[in-house]
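A closer look at the structure
Listed below are the residues making up each chain.
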Amino acid sequence: MSFGETSITLVGNLTDDPELKFTEGGAALAKFTIAVTPRTFDRTSNAWKDGTTAFYRCAAWRQLAEHIADSLKKGSRVVANGRMRQHDWTNEQGEKRSMLAVEIDDIGASVRFTTVIINAKRTGQNGPAGDDPWATGNGSAAGAADADPPF
């Protein structure tokens, strides 16, 4: 993250399945919206009350985008971290427009109200597991059962 960027963490639900597209250069782009509804406890009625829902347009790039499209769907409760970005443009009528969106750096399923099963296969520059010292079953010293942890 660069100096002066606005970091944000969102906890909410996807409003639709992520939309996965590819640029002309082949970079993956996932677009989706996260709905965030604050809840407060009203002591006078002794009940939880929903606040006003805010909808955040989000985008993720490259491998993260593909993982999002493969892993998350409409209704998924997520915890997402990213950076606010302002987009400015002029519409067909010549009017200046702008919007805020979140460029996602990391995202995961929330386990507050549900359980999830994680298929933890790490991919990187060197293929599955890459140079991951925690990888197992590849016969390397780092992955051997009798090897000491790498710390």
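Residues numbered from 1 in each chain as written. Predicted model: local features only at pLDDT ≥ 70, side-chain atom pairs only at ≥ 80, totals over all residues. Heavy atoms only, no water.

**So, a nonpolar patch on the surface**
The criterion, for reference: Only residues whose relative accessible area exceeds 30% and that take part in no salt bridge are eligible for patches, with like-charged residues grouped when within 9 Å of each other and nonpolar side chains (Val, Leu, Ile, Met, Phe, Trp, Tyr) grouped when within 5 Å. The Shrake-Rupley method, run with a 1.4 Å probe sphere, supplies the accessible areas, and residue values consider only the shown protein chains as cover. Any carboxyl oxygen of Asp or Glu that lies within 4 Å of a side-chain nitrogen of Lys or Arg is treated as forming a salt bridge with it. Only runs of H or I of at least four residues qualify as helices and only runs of E of at least two qualify as strands under DSSP, and these elements are numbered from the N terminus. Three labels apply to residues, based on accessible area from a 1.4 Å probe with only protein chains included: buried if under 20% of the type maximum, exposed if over 50%, partly exposed otherwise in between.
Side chains of Val111, Val116 and Ile118 sit close together on the surface and give an oily, nonpolar patch of about 290 Å² of accessible area. Topologically, Val116 is positioned in the loop between strand 8 (96-109) and strand 9 (123-124). The class of Val116 is partly exposed, set by a relative accessible area of 36%.

**What to know about the environment of Ser98**
How we decide: The contact criterion used throughout is that any non-hydrogen atoms of two residues lie within 4.5 Å.
Following the sequence through the fold, Ser98 ends up in strand 8. For Ser98, a relative accessible area of 45% gives the class partly exposed. Expressed as a C-alpha distance, the spacing of Ser98 and Asp88, which sit ten residues apart in the sequence, is 4.2 Å. When near neighbours in sequence (up to four residues on either side) are disregarded, Ser98 contacts Gln86, His87, Asp88 and Trp89.

**Some words on the nonpolar core**
Where we set the bar: What is meant by a nonpolar core is a set of buried Ala, Val, Leu, Ile, Met, Phe, Trp, Tyr and Cys residues, joined one to another through side-chain atoms within 4.5 Å.
Counting residues in hydrophobic clusters, the biggest one holds 16 residues, and the most contacted among them are Leu10, Phe32, Ile34, Cys58, Val102, Ile104 and Ile107. Elements with a contribution of two residues or more to this core: strand 1 (7-14), strand 3 (28-36), strand 6 (54-61), strand 7 (77-90) and strand 8. Every residue in contact with Val102, bar those within four places of it in the chain, is listed here: Ile8, Leu10, Tyr56, Arg57, Cys58, Ala59, Gly82, Arg83 and Met84.

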